[in-house]
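An overview of the molecular structure
Okay, here's what each chain looks like letter by letter:
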Amino acid sequence: MTTVPGRPVRRGHTAEHPPGAGDAFHRLLLGETMVSSGGYWEDGEDLAETLDEAQERKLDRFVELAGATGARRVLDLGCGWGTLLNRLTVVHGVEHAVGLTHSRIQERFVTGFGNPRISARVETWQDHVPDGPYDAAFGINTLEQVVSAGSARDERAARYRAFFTSLGAALRPGARLVLHILTAQVPRTDGLRPVADLAFLRSAGSPFPTGHIPRLREVVQGAGGSFDILEIVDEHASYARACRAWLQRLARCRDVAVVLAGEDVVTRYERGLGILAHALEDRILCNVRITAARR
C-alpha cells in the first residue's frame, strides 16, 4: 500500500452530516483513508484489516480509468475528506486538484493537509465556476444528491441533464469522467422492509441521507447530451463489503466511538450501514461505476 501523508486528527469538531460525528469518529469508522464508498479487495483479504488498501486500490483504478495521471487540473465533485485530492497530487502527479463539498468541516480538514496543490471549496455543482477546463473529473457517491427525493420524473430528467451539461462545460473535449453511484433496482418484498428501511436512509436521521437514488437509465439518459458512456460496471458487492468492514470496525471500537460521537450517532450508523449492506446484497440497491468521455 502506498500511504498518502496524513494529518493529526483534531478533536472537538461537530460534523454537519450528521451532528456529533467529527473527524476522529470518521477516521475510526472509515480508516485512515476516510473514504465512504466501496473498496476493491483481493481474494482472501480481511475486510476490516485491509480496508485502507482496498480503498486506495479503488482510487488508483479510478485515476487510471480517467487518464488523470500527470494531468494539469482535475475536479472531484463531492470530495469528502480529501483523500482522492491528496492522492491525485502526491501519488499520481496531478498539478492541481479541486474538490467541491457541502461541508465547511471537510473544507477545513482538506486545508489542513497543507498541500498547496489541492483545494476544497464549499460550492455546489451549479455554483462552481472553474478557473479553466479540467482534464478529468470524479463523482464518488455524488449523483445521489443532485435530485431531491420525491421529485417528479420530468423534473428529475431535467435536473440530470443540467448536471451533466454543467459538468461537460467544465471539462475539455475528450476528458474522462468516473462516477461511482448508488442506483435503485426493482423493489422486492422479501428480506428487508424496503419502504421503511430505504426511507430511513433518505431521512434526516440517517447518517448519510440521500436525495433521489436514480435508476441507471436516468443517469445514462441525462449524460447522453454531453458524454459518451464508455463502460458501466456493477460493483454492488464492493460497496456491500465496505459496509461490512465499517460495521466490523465500529463493533471493535464501539466504546470509543460513543465517546467521540455519542450513543445516538453510533446507533444510527449501525442501523444505516446494516440496511445499506442488506440492500446491496439483496440487489434492492446497486452500486455502479461509470466511465464516460466528454464529447
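Please read all numbers here as calculations on a predicted model, not as lab measurements. (Residues numbered from 1 in each chain as written. Predicted model: local features only at pLDDT ≥ 70, side-chain atom pairs only at ≥ 80, totals over all residues. Heavy atoms only, no water.)

Looking only at helices and strands, the protein chain features 10 helices and 7 strands. Each of the 295 residues in the protein chain was classed as buried or not, and the buried ones make up 55%. In the protein chain, the share of contacts with a sequence separation of at least 24, taken over all contacts with a separation of at least 6, comes to 73%. By element, 51% of the accessible surface of the protein chain is carried by carbon and sulfur atoms, the whole surface being about 12500 Å². (Helix = DSSP H or I, 4+ residues; strand = E, 2+ residues; numbered from the N terminus. Buried < 20%, exposed > 50% of the residue type's maximum accessible area, 1.4 Å probe, protein only. Contact = heavy atoms within 4.5 Å. Areas by Shrake-Rupley, 256 points an atom, 1.4 Å probe, with all protein chains shown as cover.)

Remark on secondary structure: sheet strands pair via backbone hydrogen bonds, oriented parallel or antiparallel. In spatial order, the strands read β3-β2-β1-β4-β5-β7-β6; together these 7 strands make up an open sheet with mixed pairing. The open sheet has two edge strands with one neighbour each: β3 (118-122) and β6 (227-234). Adjacent strand axes in the sheet meet at a mean angle of 15°, parallel and antiparallel pairs treated alike. Sitting on the sheet, helix α3 (residues 83-90) is in contact with β1 (73-77), β2 (96-101), β3 and β4 (134-140), with an inclination near 175° to β2. (Pairing = 2+ DSSP bridges. Axes fitted to C-alpha atoms, helices over the stretch in contact; angles between N-to-C directions.)

On to the confidence of the model for the protein chain, then. Across the protein chain, pLDDT averages 89, with 89% of residues at or above 70. A low-confidence stretch, residues 1-20 stays under pLDDT 50, and its non-local contacts, those more than four residues away or across chains, total 56 contacts. (pLDDT = per-residue confidence, 0-100.)

A grouping of Val220, Ile229 and Ile232 is seen on the molecular surface, where their side chains present a nonpolar patch of about 200 Å² in accessible area. Assessed through its relative accessible area of 31%, Val220 is described here as partly exposed. (Patch = residues over 30% accessible without salt bridge, like charges linked within 9 Å, V, L, I, M, F, W, Y side chains within 5 Å. Salt bridge = Lys/Arg side-chain N within 4 Å of Asp/Glu carboxyl O.)

A full pass over the atoms with the stated rule returns 19 salt bridges. A salt bridge links Arg156 to Glu218, with the nearest nitrogen and oxygen atoms 2.6 Å apart. Residue Arg156 is found in helix α5 (residues 153-170), and its partner Glu218 is found in helix α7 (residues 216-223); the two are separated by 62 residues along the sequence. The residues Arg156 and Glu218 share a single accessibility class, namely buried. Across the salt bridge formed by Glu235 and Arg289, the nearest N and O atoms sit 3.0 Å from each other.

Before going further, it helps to examine the side chain of His212. By the element assignment, His212 lies in the loop between α6 (194-202) and α7. A polar contact is formed between the side chain of His212 and the side chain of Arg156, at a distance of 3.3 Å. At 2.9 Å, the side chain of His212 forms a polar contact with the side chain of Glu218. Discounting residues that sit within four places of it in the chain, His212 has contacts with Glu144, Val147, Ser148, Ala149, Arg156, Tyr160 and Glu218. (Polar contact = N/O pair within 3.5 Å; in protein donor to acceptor, adjacent residues only side chain to side chain.)

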